[in-house]
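Architecture at a glance
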Amino acid sequence: MGDTRGSFVPQRVFFEEGALSYPLGREMYDRFRGMGVVVGVIPPRGRVPGGRGLSPETSYREAKRTLVFAVRRSLAFQTCKPSAHYQLPLVTGCPGLCEYCYLQTTLGPRPYMRAYVNIDEIIERAARYIRDRFPETTVFEGAATSDPLPVEDFTGGLARAISFFGGQSHALFRFVTKFANVDGLLRLDHKGRTRFRFSVNAEPVIERYEAGTPRLDARLHAAGLVAAAGYPVGFLIAPVVVYDGWEDQYRDLLASLRDSMPARAAGALTFEIISHRFTPRAKSLISRRHPHTALPLDENERRVKMGQFGYVKYVYPDELLRRIDDLFRLEIGRLFPGARVDYVI
Ligand code: SF4
């Protein structure tokens, strides 16, 4: 896994053949060969080598250290309700090893990172969606199936998108990250049209469950830089995990967030708070990929809730959810007057 301040450094990099027809693909091919990383070429949509005979845990970890450069063929963007109109598909996957990662149930057993080299075509497609919805404002989400920041120092995809949205009067861009390599994005002409959201948590939760991601102080330093650069900033605190001392730890977290923010940015923050929950499928995948997990996954301590699409979720009991709601709304109101709490669930 890479340095906590910079891009991650993959151990293996594959190029789908078509990707080498694009300047970015060729540039990356030369760059990774020069870095001594294992580099290979595979057919379009071809199988990425490896994985066979490995345990689910090892195969998963191998995939997390693998980067594939590909051409995004489908330029029909997925919708992204309710927070945005469309996903902006620059990247799929994430090198992090968070045990509760929401992508575990969506990206299959070998969730290698895919970075798309046809960024111009993706941006052009976004421009068409914006024109189609004009005069309404169209909102794009850049992190629906990825954390896009770890590969940014290679691809520059976010920088391209942020600059593009800076020139749009009827579109907004947003994404969320746990990574901290923001330096290349600080001097862009973003015009306040991109909201940078940082996913953070109480330090013991990061230590226990978020391997392969930058520590809290690195994320907060990055958030402070981004706010000072004039971007709208938000914090996603997810999942809120209840353990001995959790209330004090989350109060400490909010105090650290306040200390990291320039005073003029604090009142314009947004907050999204999601309590820990799991589905039976997520539990089964987590126990195979992270067999030593200490995540609280005992159904007997939870309340059953039916998900939007008819599946079962295990959430904290109502009394605990009320305490979570009270704590965050009270402390955010006290520490960040004027900030917006989008939801506490
Ligand atoms: Fe998943 Fe986000 Fe952790 Fe990456 S940083 S593994 S996307 S939870």
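Treat the numbers as computed from the prediction; the structure is a model and nothing was measured.

The next point concerns the pattern of salt bridges. A full pass over the atoms with the stated rule returns 20 salt bridges. Across the pair Asp 318 and Arg 303 runs a salt bridge whose closest N-O atoms are separated by 2.8 Å. Of this pair, Asp 318 sits in helix H11 (residues 318-335) while Arg 303 sits in strand S14 (residues 303-306); the two residues are 15 residues apart in sequence, bridging distant segments of the chain. Note on Asp 318: relative accessible area 38%, which makes it partly exposed. For Arg 303, a relative accessible area of 32% gives the class partly exposed. One salt bridge in this structure joins Glu 319 and Arg 322, with 3.6 Å as the shortest N-O distance. Placement of the pair is Glu 319 and Arg 322 together in helix H11, with a separation of 3 residues, close to one helical turn. Judged by its relative accessible area of 45%, Glu 319 falls in the partly exposed class. The class of Arg 322 is partly exposed, set by a relative accessible area of 49%. One salt-bridge network, held together by shared partners, links Glu 141, Arg 174, Arg 197 and Glu 272.

Another point: the pairing of strand S2 (residues 38-42). The side chains of a regular strand alternate, residue by residue, between the two faces of the sheet. Note: strand S1 (residues 12-16) against S2, 5 bridges, orientation parallel. The residue bridging Val 13 from the neighbouring strand is Val 39, located in S2. Between the parallel pair S1 and S2, the chain is carried across by helix H1 (residues 23-34), and the sense of this crossover is right-handed.

This part takes up the side chain of His 276. Inspection of the secondary structure assignment puts His 276 in the loop between strand S13 (270-275) and helix H10 (280-289). Not counting chain neighbours up to four residues away, the residues in contact with His 276 comprise Tyr 100, Pro 239, Val 240, Val 241, Leu 295, Pro 296, Leu 297, Arg 302, Tyr 314, Val 315 and Tyr 316.

This part takes up the sheet that holds strand S5 (residues 91-92). Judged by pairing direction, the sheet is mixed, and its 5 strands sit side by side in the order S2-S1-S3-S7-S5 without closing on themselves. Since the sheet does not close on itself, it has two edges, and those belong to S2 and S5, each with one partner. Two elements, strand S3 (residues 66-70) and strand S7 (residues 113-116), share 4 bridges in a ladder whose sense is parallel. Counterpart to Val 68 in the pairing with S7 is Arg 114. Docked against the sheet, H1 engages S1, S2, S3 and S7, running at close to 150° with respect to S1.

Cut-offs applied
- Residues numbered from 1 in each chain as written.
- Predicted model: local features only at pLDDT ≥ 70, side-chain atom pairs only at ≥ 80, totals over all residues.
- Heavy atoms only, no water.
- Salt bridge = Lys/Arg side-chain N within 4 Å of Asp/Glu carboxyl O.
- Helix = DSSP H or I, 4+ residues; strand = E, 2+ residues; numbered from the N terminus.
- Buried < 20%, exposed > 50% of the residue type's maximum accessible area, 1.4 Å probe, protein only.
- Pairing = 2+ DSSP bridges.
- Right-handed = clockwise from strand over helix to strand, strands pointing away.
- Contact = heavy atoms within 4.5 Å.
- Axes fitted to C-alpha atoms, helices over the stretch in contact; angles between N-to-C directions.

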